[in-house]
Amino acid sequence: MKKILLIALAAIMVLALSACGGKDAGSAATPPPADSGSNAAAQEPAAEPESGDPVTVGFIYIGAVNDGGYTQTQHNGTVALQEALAGKIKTVWLEGIDDTNTQAATDAAKQLIDQGATIVIGTSFGFGDALFALAESGDYDDITFLHFSGSNINDKNFGNYFGAMEEPRYLSGIIAGLQTKTNKLGYVAAYPYTEVKIGINAFALGAQSVNPDVVVNVVYTNSWYDPAGEKQAAEALLSQGCDVITQHADTAGPQLAAADAGAFTVGYNLDNSGLEGLEDAFLTAPIWHHDVYLKPTIQAILDGTWTPESYYGTLADGYIDLAPLTKNVTEEAKAKVEEVRAQIQSGAFNVFTGPIEYADGTVLAEDGQKLDRGQIWSIDKVVKGVNAPE
Amino acid sequence: MIDFLAAAVLAGMPLLFATLGELVTEKSGSLNLGVEGMMLMGAVIGFVTAYNTGFPGVALLGAFAAGAAGALIFAIITVTLRGNQVVTGLTLTIFGSGFARFVGDPLVGQSVPKSVQAFFARVNVPLLGDIPGIGPVFFRQDAFVYIGYILVALVTIYLYKTRPGLNMRAIGENTASADASGIAVDFHKYAHIIFGGGLCGLGGAYLALVTVPIWQADVVTGRGWIAVALVIFASWNPVKALLGSYLFGALSILGFRLQSMGFHVSQYLVDMFPYAATILIVIFSTQKNRKEDQPPTNLSVPYFREER
């Protein structure tokens, strides 16, 4: 009796686990738009001579596709890609892949390749080394690898892509600088990495451009994902008098803390203006449009015209953007943002234009110097007017 | 400062419920390491019931039932089937995290209904709330905080002043003797494991319903493990568990506060404090060797009547 019970329990556990695990492997193999697309292709074979079986594009995600933040933003791009190239491609993806574990990333890539993927896209920094090793191994020369947020590249089958997030961050800083009354801005950040510091500096420079007295207080949470911790970090900043809170972390925790305290908030990744409770607090958010890169790139790979590149999307491309400004943004701030946005998009203005001094007094940019991408990505400190633990 | 202490009490709330739950479980002789999993189960079911019904009471019941259900799995495996408690508890953590992701999947990004949020809004206790210093910290908080006070009192009375409490402590100290004296060992173990799991579920629900009232996957982020450490820190005493929860809550936000005030402390260092404090307490209590500070003697020992 005991044994039967034990076996039954074990079976239930296995079933429950496989039910959860089963959700990990997603696929948009035959969504309605893809069907109609392939029908169209079948009717017009001459128009698309290359279209035989759809090409499989595999994505590796660090989180869940509806995580309300980073991965959801990535997946929105995937869905848009599938719609745009319906019939020509089939997208598959793996969720929740540990990006600190090279073996997990390697296995995920191989699994996608086994599923027929000839294009493999790693959407988190930590996947880069694993994918690059596969690309360089010589065994996967017929596979194209694309990596988000890394710097690896080769001359046959590995490219990378990222965006100039400093541009929308700078614009959001302008709004914060104009709308703060205490001249203290709060910034909840994940880790003191270069990418995060670029964002902090851009936000601070934007705020200082319209309000020289403003200071930015930074709190690091040492986690990309901790709803309660991020909220508590924001509360700490609010208690110090910060009245605009922004973030480089993945949850809405800081935004809710700001709303509770009657302060303003600038989100990240997603336009949360519709979120309950944020009606009077949400200003805008720097956001990504990954499809702006994916659509032409995948098309070029299909056409055979793609060569490995290191893409750096800008406001002008539309790869990165500022979510629509809400009613909480003043007319003055709206006008200023539009003015500077036009200058950035035309190339007339660079967010990192000297003179810029680091908080420790050393020089980041000489007077009139405009930092290029390489210089921006070697930023390792915060600028003057930012209080951040090193 | 008062603002900081009030925030520390709130940060300690999920810890308090989970710690009390684990404390009751351990007092009856079972080491259930699935606190994190049960908190996640309580969080997601608390959220789902709140979202679908809009009744705070139903949400609390749902969260309690979910944590209790997780604990029931643990009880069946460890008490009836005499499986290894450590392995089962760890499995329960993984199970709970998968369960929460699976059940919560369609609701990610949804908010807790206004009616429930209003119920858990801060309430000023008359008279007590006006005491300078103490009032704002302890008596201008949300309903959960007050439930917590009552719970600590009830658990303390139950453990030390009632017959069933004595029975369950006897089981934790020496299961064979308790069995010999006619105490229904399996019944008591089941009851306390399940009740403890329910409290863990409430701790998780606090994070999902009050702290950040939006459903997001993995809201607990390691607090279940801090609760396990807290039980040791509190040397299995409910009143010390209350104080310990506030202390650990304060430690968990101390780093943020210091950073925001311009003190450049490493958050990594601050994150270690709860565990370092627990290690110190274990060393001290082992050195002093006072009976009441020691774990229940038969903690995590499976009981086979036939092998007595």
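Residues numbered from 1 in each chain as written. Chains lettered and ligands numbered in written order. Predicted model: local features only at pLDDT ≥ 70, side-chain atom pairs only at ≥ 80, totals over all residues.

1. Details of the overall build of chain A
- Within chain A one finds twelve helices and 17 strands.
- For chain A, the residues scored as buried account for 49% of the 390 residues in total.
- Of the contacts formed within chain A by residues at least 6 apart in sequence, a portion of 65% connects residues at least 24 apart. (Helix = DSSP H or I, 4+ residues; strand = E, 2+ residues; numbered from the N terminus. Buried ≥ 20, exposed ≤ 12 C-beta atoms within 10 Å, placed from the backbone. Contact = placed C-beta atoms within 7 Å.)

2. Some remarks on the nonpolar core
- Grouped together as the largest cluster of nonpolar side chains are 199 residues, with contacts concentrated most on I60(A), L131(A), I200(A), I245(A), A43(B), L209(B) and L230(B).
- Looking at which element gives the most residues to this core, the answer is helix α1 (residues 2-27) of chain B, with 14 residues.
- Not counting residues up to four positions away in its chain, the partners in contact with I60(A) are L94(A), I97(A), A105(A), A108(A), A109(A), I121(A), G122(A), T123(A) and F127(A). (Core = buried A, V, L, I, M, F, W, Y, C linked by C-beta atoms within 7 Å.)

3. Here we look at the interface of chain B and chain A
- Listed per partner, the contact involves 36 residues of chain B and 42 residues of chain A.
- Ranked by the residues each element gives to the side of chain B that touches chain A, the list is headed by helix α12 (residues 238-260) of chain B, at five residues.
- Each residue belonging to the side of chain B that touches chain A can be placed in one class, and the counts come to 18 nonpolar, twelve polar and six charged. (Nonpolar A, V, L, I, M, F, W, Y, C, P; charged D, E, K, R; others polar.)

4. A closer look at the sheet that holds strand β9 (residues 244-248) of chain A
Residue and element names in this part refer to chain A.
- Strand order in this open sheet of six strands is β11-β10-β9-β7-β8-β17, and the pairing throughout is parallel. Only two strands of the sheet have a single neighbouring strand rather than two, namely β11 (282-284) and β17 (386-387).
- Relative to β9, strand β7 (residues 184-189) runs parallel, the two sharing five bridges. Paired with A189 across the bridge in β9 is H248. (Pairing = 2+ DSSP bridges.)

5. Structural notes on the environment of V266(A)
All names here are of chain A.
- Looking at the secondary structure, you find V266 in strand β10 (residues 264-266).
- The sequence separation of V266 and V188 amounts to 78 residues, and the corresponding C-alpha distance is 11 Å.
- Leaving out residues up to four positions away in the same chain, V266 has contacts with S172, A176, V244, T246, L283, T284 and A285.

6. A word on the domain arrangement of chain A
All names here are of chain A.
- Splitting chain A by domain gives domain 1 (26-163 + 289-313) and domain 2 (166-285 + 323-387).
- Each of domain 1 and domain 2 has a C-alpha centre, and the two are 31 Å apart.
- Domain 1 puts six residues into the contact, and the matching count from domain 2 is six residues.
- No other element matches the three residues that helix α3 (residues 70-84) contributes to the side of domain 1 that touches domain 2. (Domains from an automatic or database assignment.)

7. A look at the pairing of strand β3 (residues 89-94) of chain A
All names here are of chain A.
- Of all six residues that make up β3, five are buried, and the element is covered over most of its length.
- Where strand β2 (residues 55-60) and β3 come together, six bridges link them in parallel fashion. Counterpart to T56 in the pairing with β3 is K90.
- Since β2 and β3 lie parallel, the crossover through α3 that links them has a hand, and here it is right-handed. (Right-handed = clockwise from strand over helix to strand, strands pointing away.)

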